[in-house]
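# Examining the three-dimensional arrangement
Single-letter residue listing:
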Amino acid sequence: SKFKDKIPEYAKRFKNSGYSPEQTAGILGSLFQESNFDPSKKQEDGKGFGFAQWTVGDVRYKALQDTARAMKRPITDPEVQMQHLLTEVNAPTIQHIENAWGGRGRREQFMGTNSVNESTEAFTNLFLRAGKADMPRRLKFSNYIYNLIK
């Protein structure tokens, strides 16, 4: 897939933001499960959109639209989504802590993870809050990615 070629680049950006290889693999494997890194991917019910399956119409989706406008690119641009995702995950403001992570202490909980599996489960539960997690498949993706980037 086109994503496979992007793994090193995406991984480098998360690692440069201070995430361990295990955490980076957990993030990227979880996102791959959500969207196959297809920036146009829509959930079957039409509610989820893009890399992180942002909920269409909610505050985080509107923030993604703002990022696209600021970058003067379409919302389906993978660079817009990666830039926005990095900002959400890094959570520089209280709004990011509340909206992206769903409250205080959750990002810190993720940052305390040490293994690929623990990071994948924590990112899925604390950040993505996925409805249908399919954790075995997600863990397979994360471990595959870890072996490429470690």
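See the structure above.
No experiment lies behind these values; they were computed from the predicted model shown. Residue indices begin from 1 for each chain and proceed along its sequence in written order. With the structure being a predicted model, the display of local features is reserved for residues of pLDDT at least 70 and the display and counting of side-chain atom pairs for 80 or more, all residues being used for whole-chain, interface and lining totals. Note that water and hydrogens are dropped before the side-chain values are worked out from all heavy atoms of the structure.

## A short note on helix α2 (residues 21-35)
In a regular helix each residue adds 1.5 Å, so 15 residues correspond to 21 Å; α2 covers 21 Å between its end C-alpha atoms and thus fits that length. Taken across its 15 residues, α2 has 14 buried, putting it largely inside the fold. Secondary structure elements follow DSSP: runs of H or I of four or more residues count as helices, runs of E of two or more count as strands, with numbering from the N terminus. With its phi angle positive at about 55 degrees, Asn-36 sits one or two positions after the end of α2. Under the convention used throughout, the expected extent of a helix is 1.5 Å for every residue step, that is, one less than its residue count. Only protein chains enter the accessibility calculation, which uses a 1.4 Å probe; a residue whose area is less than 20% of its type maximum is buried, one above 50% is exposed, and one in between is partly exposed.

## So, the side chain of Arg-60
Note that Arg-60 resides in helix α3 (residues 59-71). Among the residues examined, Arg-60 registers a relative accessible area of 12% and is labelled buried.

## Quick word on the nonpolar core
Residue types Ala, Val, Leu, Ile, Met, Phe, Trp, Tyr and Cys, when buried and joined through side-chain atoms within 4.5 Å, form a set referred to as a nonpolar core. Formed by 40 residues in total, the largest nonpolar core has its most connected members in Phe-14, Phe-37, Leu-85, Val-89, Trp-101 and Phe-123. Mapped by element, the contributors of at least two residues to this core are α1 (2-16), α2, α3, α4 (78-90), α7 (116-128) and α8 (135-149). In terms of residue count, α7 provides more of this core than any other element does, six residues in total. Among all residues touching Val-89, those that are not within four sequence positions of it are Phe-14, Tyr-19, Ile-27, Trp-101, Arg-107, Phe-123 and Phe-127. When checking whether two residues touch, look at their non-hydrogen atoms; a contact exists if any pair is within 4.5 Å.

## Section: the packing of α3 against α4
Axis separation between α3 and α4 bottoms out at 9 Å; the angle between their running directions is 125 degrees. The angle between the axes of α3 and α4 places the two elements in the oblique class. Note on packing geometry: the crossing formed by α3 with α4 is right-handed. Touching Arg-60, Ala-63, Leu-64, Thr-67, Ala-68 and Met-71 of α3 are Glu-79, Val-80, Gln-81, Gln-83, His-84 and Glu-88, all from α4. Lys, Arg, Asp and Glu make up the charged group, whereas Ala, Val, Leu, Ile, Met, Phe, Trp, Tyr, Cys and Pro make up the nonpolar group; the residues left over, Gly among them, are polar. Split into classes, the residues belonging to the contact of α3 with α4 amount to five nonpolar, four polar and three charged. Fitting a line to C-alpha atoms yields each axis, with helices limited to the stretch in contact; the angle taken between N-to-C directions then spans 0 to 180 degrees. By definition in this entry, angles of less than 35 degrees are roughly parallel, angles greater than 145 are roughly antiparallel, angles of 65 to 115 are roughly perpendicular, and the rest are oblique. Crossing handedness is read from the near helix: turned anticlockwise from the far helix by less than a right angle, it gives a left-handed crossing, and turned clockwise, a right-handed one.

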